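Overview (structure and organization)
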Amino acid sequence: MSKLSDRVTRLGFSQTFVMSNKAREMKANGIDVISLTLGEPDFDVPDNIKQAAFDAINQNYSHYSPVPGFLELREAISNKLKRDNNLNYKPTQICVSNGAKQAIINVLAAIINDGDEVLLPAPYWVSYDEMVKMMGGNSVMIATSYVNDFKVTAEQLEEAITEKTKAVLFSSPCNPSGGYYTYDELKSLAKVIAKYPQITVISDEIYEYINYETKTTSIAQFPEVYEQTAVINGMSKAFAMTGWRIGYSACPEWLAKACEKIQGQMTSGANTVAQRASIVALQTDPSEYKYMIDAFKIRRDLVYDLMKEIPGFKVLLPKAAFYFFPDISHYIGKTLDGTEIKDADDFAMFILEKAHVGCVGGVSFGSPECIRFSYAASEDDLREAMRRIKELLSKFN
């Protein structure tokens, strides 16, 4: 009899952390590695948010909060959703969690029974599939590709739905592709989903502010699926608060209560000081933090120009988030400098070991022909990273 549960043995380690840890090990051994693995803004937390945290400590916010979060924070989230997304959610429909990851897991735990199917348009964030497994569900991947901007169509979605389908889980803007669904595209998906009231849409909108073209549309804006949709968001990306671990879900009342019940038996409320600081962050006009998005756009344009010159890369200009997801199928099936490249994970490891640039292979994103680069790094590091990769791959073309 194994000491470990079947549940944990079904899970894999996050490939993002596998590659970032490998890059750290190489750095510790004196190798000059540029790691573009983690999706983490490289900015400091804005001063007004830090000051709010100091104030909360001085005001002795050191005791348990309500399980779904302080009422003032849920009111701030409610106001933000109305202001920025034209969504009406009461504070009772909001559950503040220990990061957006927990918000997603709360929803999955509330709705998934063993054997239920969750549709994942690929590419998807690496943790989605593992979260579904953790809850006893089965992931059903819907393939997309470089040629259709890595977005699923309404026809593909409907074709994938079966009597076992319980949820659709996706991010828009998307990690890892850097794309987003337009209003019309989401409307067509909503029309399909509305036909199947047993399906819950889990819409991960954590990158909503990092959109270089327009305001991000939420699928919850469409009345026909409002009661079927869980909106997921948090403080990590737009406010550079990754370590503060504040995420949230906005759901129909029935689902919000279920999330609160689950969280109450797992972690209780999120960090109280971080909650108080998040109130100030959300009440501040988003334009105050736009300098970070402006910097990301400059880096995006820089990397795009450089990446287009790398032989064998097929690259789209990301319209949102801070990732590139080039198609490197040109190299799959080849042997490079004695290394057999069976898939994108092999290629990512080859790039790390030979060019000393860390990225993440696309196998765990559901796209084994692509690799993901984060451009949340300095311009100097980005230039040098692209130079190294170009120099390495020029030898094989």
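Residues numbered from 1 in each chain as written. Predicted model: local features only at pLDDT ≥ 70, side-chain atom pairs only at ≥ 80, totals over all residues. Heavy atoms only, no water.

Observations regarding the pattern of salt bridges
- Taken as a whole and judged by the stated rule, the model has 27 salt bridges.
- Residue Glu72 pairs with Arg276 through a salt bridge whose shortest N-O separation is 3.6 Å. Residue Glu72 is found in helix α4 (residues 71-85), and its partner Arg276 is found in helix α10 (residues 272-283); the two are separated by 204 residues along the sequence.
- With a relative accessible area of 14%, Arg276 lands in the buried category.
- In this structure, the salt-bridge partner of Arg383 is Asp380, at a minimum N-O distance of 3.8 Å. (Salt bridge = Lys/Arg side-chain N within 4 Å of Asp/Glu carboxyl O. Helix = DSSP H or I, 4+ residues; strand = E, 2+ residues; numbered from the N terminus. Buried < 20%, exposed > 50% of the residue type's maximum accessible area, 1.4 Å probe, protein only.)

Some points on the sheet that holds strand β9 (residues 323-324)
- Spatially, β9-β14-β13 is the arrangement adopted by the 3 strands of the open sheet, whose pairing is antiparallel. In the strand order of this sheet, the two ends are held by β9 and β13 (360-361), each with one partner. (Pairing = 2+ DSSP bridges.)

Looking at unusual backbone geometry
- Residue Pro123 is bonded to the preceding Ala122 through a cis peptide linkage, with omega at 10 degrees.
- Turning to its location among the elements, Pro123 is positioned in the loop between β3 (117-122) and α6 (126-134).
- A cis amide bond links Ser172 to the next residue, Pro173, at an omega of 0 degrees.
- Mapped onto the secondary structure, Pro173 falls in the loop between β5 (165-171) and α8 (183-193).
- The backbone of Asn86 sits at a positive phi, close to 55 degrees, despite the residue not being glycine.
- Checked against the element boundaries, Asn86 lands in the loop between α4 and β2 (94-97).
- Among the residues examined, Asn86 registers a relative accessible area of 52% and is labelled exposed.
- Located in the positive-phi region is Ala240, a residue other than glycine, with phi close to 55 degrees.
- Residue position: Ala240 is located in the loop between β7 (229-234) and β8 (247-250).
- Looking at Ala240, the relative accessible area reads 10%, which means it is buried.

A word on the packing of helix α5 (residues 100-111) against helix α9 (residues 253-266)
- The geometry of α5 relative to α9 is characterised by a closest axis approach of 9 Å and an angle of 105 degrees between their N-to-C directions. Classified by the angle between their axes, α5 and α9 sit roughly perpendicular to one another. For the pair α5 and α9, contact is made by Gln102, Asn106, Val107, Ala109, Ala110 and Ile111 and by Trp254, Leu255, Ala258, Cys259, Ile262 and Gln263, respectively.
- Here the residues of the contact of α5 with α9 sort into 9 nonpolar, 3 polar and no charged. (Axes fitted to C-alpha atoms, helices over the stretch in contact; angles between N-to-C directions. Parallel < 35°, antiparallel > 145°, perpendicular 65-115°, else oblique. Contact = heavy atoms within 4.5 Å. Nonpolar A, V, L, I, M, F, W, Y, C, P; charged D, E, K, R; others polar.)

Some points on the UniProt feature "domain: Aminotransferase class I/classII large" (unreviewed entry) in the chain
- According to UniProt, the feature "domain: Aminotransferase class I/classII large" (unreviewed entry) maps to residues 32-389 in the numbering used here.
- In the segment residues 32-389, helix accounts for 37% and strand for 15%; the C-alpha atoms at its two ends are 14 Å apart. (UniProt positions renumbered as here; feature names shortened; annotations may be inferred.)

Let's talk about the sheet that holds strand β6 (residues 200-204)
- Within the open sheet, the 7 strands sit side by side as β2-β8-β7-β6-β5-β3-β4. Their pairing is mixed. Across the chains shown, the open sheet's two edge strands, defined by having one partner strand only, are β2 and β4 (138-143). Averaged over neighbouring strand pairs, the angle between their axes works out to 20 degrees when direction is ignored.
- Summarising the sheet, β2 and β8 pair through 4 bridges and their orientation is antiparallel. The residue of β8 that forms the bridge with Cys95 is Ser249.
- Each of β2, β6, β7 and β8 is contacted by α9, which is oriented at about 30 degrees to β2, the strand it contacts most.

Brief notes about the layout of surface pockets
- If you add up the space inside the largest pocket, you get close to 510 Å³.
- Looking at the lining of the largest pocket, the elements with two or more residues in it are α2 (15-28), α5 and α6.
- Grouping the constituent residues of the lining of the largest pocket by class yields 10 nonpolar, 8 polar and 6 charged.
- Here the lining of the largest pocket gathers at least three residues from each of two domains, domain 1 (6-44 + 289-394) and domain 2 (47-285).
- Lining the second largest pocket we find 18 residues, and of these Tyr209, Asn211, Pro286, Lys290 and Ile293 sit closest to its centre.
- Elements that contribute at least two residues to the lining of the second largest pocket include exactly α4 and α11 (290-307).
- When residues of the lining of the second largest pocket are assigned to their parent elements, the largest contribution, 4 residues, is made by α11.
- Across the lining of the second largest pocket, the residue classes break down as 7 nonpolar, 5 polar and 6 charged.
- Residue assignment places the lining of the second largest pocket across two domains, with domain 1 (6-44 + 289-394) and domain 2 (47-285) each supplying three or more. (1 Å grid on protein atoms, 1.4 Å probe; cavity = no way out; pocket = protein on both sides within 12 Å on 5 of 7 lines; lining within 4 Å. Points joined across faces, edges and corners; volume = space filled by probe spheres on them. Domains from an automatic or database assignment.)

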